Amino acid sequence: MSVYTYVACGETYPRLTVILINGYSSLMIHPFTIKTDPMWNVVSTNWQLERKEPIDSQFSVSPSFREHKSLVYSFGDLFKHQSNHSEA
């Protein structure tokens with residue numbers, strides 16, 4: 001179930017400015033098997049307009065900007081850490 005409320009102002013529908021969004025969503029799941037107790041995932045979001053700028057304005061670039069050509073994920077340390085806990 002998801003419920004969101006939008007507050008907007010403007011002269012006409014195409015020119016509306018959304019200034020506030022409040023949202024709530026919930027999801028019930030049964031992890032692992034059907035015979036477990038249900039778990040709830042509940043999320044509440046609140047967005048509020050801080051400032052309005054022209055759509056062509058650019059984001060400032062971070063002074064520590066680095067470009068990555070590819071990403072490689074390594075989980076070696078994670079598995080080693082988990083095996084140490086299982087031996088204790």
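This is a predicted model, so every value here is computed, not measured.

Caption draft 1: Quick look at the side chain of Ser26. When you line up the elements, Ser26 lands in strand β2 (residues 17-29). Filtering out sequence-adjacent residues up to four positions away, Ser26 remains in contact with Met1, Trp40, Asn41 and Val42.

Caption draft 2: Structural view of the environment of Trp40. One can find Trp40 in strand β3 (residues 39-48). Setting aside its immediate chain neighbours within four residues, Trp40 contacts Ser26, Leu27 and Met28.

Caption draft 3: The arrangement of the side chain of Thr17 in detail. Structurally, Thr17 is set in strand β2. The class for Thr17 is buried, based on a relative accessible area of 16%. For Thr17, the side chain forms a polar contact with the side chain of Lys52, separated by 3.0 Å. Apart from the residues lying within four places of it in its own chain, the contact partners of Thr17 are Val7, Ala8, Cys9, Leu49 and Lys52.

Caption draft 4: Fine view of the pattern of salt bridges. On inspection of all chains with the given rule, the structure shows two salt bridges. For Glu11, the salt bridge is made with Arg15, and the minimal N-O distance between the two is 3.7 Å. A residue is classified by how much of its surface remains accessible, and Glu11, at 70% relative accessible area, is exposed. The class of Arg15 is exposed, set by a relative accessible area of 57%. The salt bridge partner of Glu67 is Lys69, with a shortest N-O separation of 3.3 Å. Each member of the pair Glu67 and Lys69 is classed as exposed.

What counts, and where the lines are drawn
Along every chain, residues carry numbers that run from 1 in the direction the sequence is written. Given that this is a predicted model, residues contribute local features only at a pLDDT of at least 70 and side-chain atom pairs are listed and counted only at 80 or more, while totals for whole chains, interfaces and linings are drawn from all residues. Side-chain metrics in this entry use all non-hydrogen atoms of the structure; hydrogen atoms and water are not considered. Helix and strand labels come from DSSP, where a helix needs a run of H or I of at least four residues and a strand needs a run of E of at least two; each type is numbered from the N terminus. Two residues qualify as a contact provided that any one of their heavy atoms is within 4.5 Å of a heavy atom in the partner residue. In this scheme, a residue with accessible area under 20% of its type's maximum is buried, one over 50% is exposed, and one in between is partly exposed, where area comes from a 1.4 Å probe on protein chains only. The definition of a polar contact used here is a pair of N or O atoms within 3.5 Å, where within protein one atom must be able to donate a hydrogen and the other to accept one, and adjacent residues in sequence count solely through side-chain atom pairs. Put simply, a salt bridge is a Lys or Arg side-chain nitrogen that is within 4 Å of an Asp or Glu carboxyl oxygen.

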